[in-house]
Amino acid sequence: MSAMLTGIGVGPGDPELMTLKAIKKLQACDLLVVPDADKGESTAYKIAVQAYPDLESKPKLVVRMPMTHDRAQWRASHRAAADQIEAQLDQGKHVAFITLGDPTVYATYMYVHKMVADDGYPTEIVSGIPSFCAVAAKLNISLAEGSQMLHIVPSSHGIESALTMPGVKVLMKAGSKMGKVRSQLIQADMDVSMVENCGMPTERVFHSAEEIPEDAGYFSLIIAKDKQ
């Protein structure tokens, strides 16, 4: 295969939810790019290697993707990753970059993808199952029916206006603001469910806003619906 950057979604956590196409692209790649958020580990890699154990033998490039709101540092890390990837593409390698969920939904990968594409290199994206679809399946509920609207909301940036919109609200990336999000959901008096670490060994399910712990982990996703 000629030089190509492939962004691969590994799904939300359960390795059995990785697609056949994702596995085939990993088998075919010459180099695996593993994102590291300064913690010395990669959740995406832990998922992928369970689905495709031979991934351990692939050459790897670990790129630093710090969790920061400093835009200069944020952009510098993306540029550094893009430069390292382009150096490999210049050698004719097929490079695979793994990311949680789907690469097109709030994925840091897309910033690197756009830089590499803008620099004239061939790129492609392999979809992964998004976390909100996996969470709805875990809860055994629909995300939206009939003419209902579905809103995907980055709740770390505030949810006040989002909660007034008609339809179903998916709240992602609450992080350290989980306590505030929980309080707002209780006040809004909605039907609320949350899954933390969906598909992972540490998965936990909560069926009301009151049940949600304020210290819930980063990989927590909330589905909020107007009461019928």
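Conventions used here
- Residues numbered from 1 in each chain as written.
- Predicted model: local features only at pLDDT ≥ 70, side-chain atom pairs only at ≥ 80, totals over all residues.
- Heavy atoms only, no water.
- Pairing = 2+ DSSP bridges.
- Helix = DSSP H or I, 4+ residues; strand = E, 2+ residues; numbered from the N terminus.
- Axes fitted to C-alpha atoms, helices over the stretch in contact; angles between N-to-C directions.
- Parallel < 35°, antiparallel > 145°, perpendicular 65-115°, else oblique.
- Left-handed = near helix turned anticlockwise from the far one by under 90°.
- Contact = heavy atoms within 4.5 Å.
- Nonpolar A, V, L, I, M, F, W, Y, C, P; charged D, E, K, R; others polar.
- Phe/Tyr/Trp six-rings, centres within 6.5 Å; stacked < 30°, edge-to-face > 60°.
- Buried < 20%, exposed > 50% of the residue type's maximum accessible area, 1.4 Å probe, protein only.

Undergrad: Help me understand the sheet that holds strand E2 (residues 31-36) in this model?
TA: Strand pairing within a sheet occurs via backbone hydrogen bonds; the two strands may be parallel or antiparallel. If you walk across this open sheet you meet the 5 strands as E3-E2-E4-E1-E5, and the pairing is parallel. Looking at strand neighbours, the two that pair on one side only are strand E3 (60-64) and strand E5 (123-126), the edges of this open sheet. Direction aside, neighbouring strands of the sheet carry axes that sit 25° apart on average. Summarising the sheet, E2 and strand E4 (residues 94-99) pair through 3 bridges and their orientation is parallel. In the sheet register, Leu32 faces E4, and the bridge partner there is Ala96.

Undergrad: For this particular structure, what's the right way to read the packing of helix H3 (residues 71-89) against helix H4 (residues 109-118)?
TA: Contact geometry for H3 and H4: axes closest at 9 Å, N-to-C directions at 50°. One finds that H3 runs oblique with respect to H4. As H3 runs across H4, the sense of the crossing is right-handed. Residues Trp74, Arg75, His78, Arg79, Ala81, Ala82, Ile85, Glu86 and Leu89 of H3 lie in contact with H4, whose contacting residues are Tyr111, Val112, Met115 and Val116. By residue class, the composition of the contact of H3 with H4 is 9 nonpolar, 1 polar and 3 charged.

Undergrad: In this structure, what is going on with the packing of aromatic side chains? I would like to understand it.
TA: How two aromatic rings sit relative to each other is given by the distance of their centres and the angle of their planes. Tallying each qualifying case throughout the model produces 3 aromatic pairs. Ring centres of Trp74 and Tyr111 lie 4.6 Å apart, and the angle between their planes is 70°; this geometry places the pair in the edge-to-face category. Note that Trp74 is positioned in helix H3 and Tyr111 in helix H4, a separation of 37 residues in sequence. On the basis of an interplanar angle of 55° and a centroid distance of 4.9 Å, the ring pair of Phe97 and Tyr109 is categorised as tilted. Highlighted residues: Phe97 in strand E4 and Tyr109 in helix H4, separated in sequence by 12 residues. There is no split in this pair, since Phe97 and Tyr109 are both buried.

Undergrad: Could you clarify how one ought to interpret the pairing of strand E1 (residues 4-9) in this entry?
TA: Within a regular strand, side chains alternate between the sheet's two faces. Of all the 6 residues making up E1, 6 are buried; the element is thus mostly covered by neighbouring parts of the structure. Here E1 shows a buried face lined by Met4, Thr6 and Ile8 and a second buried face lined by Leu5, Gly7 and Gly9. Looking at chain direction, E1 and E5 are connected through 4 bridges and run parallel. Within the sheet, the bridge partner assigned to Gly7 lies in E5 and is Ile125.

Undergrad: How should I be thinking about the side chain of Glu86 in this particular structure?
TA: Along the chain, the position of Glu86 falls in helix H3. Beyond its immediate sequence surroundings of up to four residues, Glu86 is in contact with Arg79, Met115, Val116, Asp119 and Tyr121.

Undergrad: So what exactly am I meant to see when it comes to the sheet that holds strand E6 (residues 150-154) here?
TA: Taken in spatial order, the 5 strands make up an open sheet running E6-E7-E10-E8-E9, and their pairing is mixed. For this open sheet the edge positions go to E6 and strand E9 (204-206), each flanked by a neighbour on one side alone. Each adjacent strand pair in this sheet contributes to an overall mean axis angle of 15°, direction not counted. The sheet contact formed by strand E7 (residues 168-172) and strand E10 (residues 220-225) spans 3 bridges and is antiparallel. What sits directly across from Val170, in E10, is Ile223. Most of the contacts of helix H6 (residues 178-188) go to E10, to which it runs at about 15°, and overall it touches E7, strand E8 (191-196) and E10.

Undergrad: So what exactly am I meant to see when it comes to the environment of Val126 here?
TA: Take Val126: it is sitting in strand E5. A relative accessible area of 3% means that Val126 is categorised as buried. Separated by 103 residues in sequence, Val126 and Ile23 place their C-alpha atoms 10 Å apart. Among residues more than four places away in sequence, those in contact with Val126 are Thr6, Gly7, Ile8, Gly9, Thr19, Lys21, Ala22, Lys25 and Pro103.

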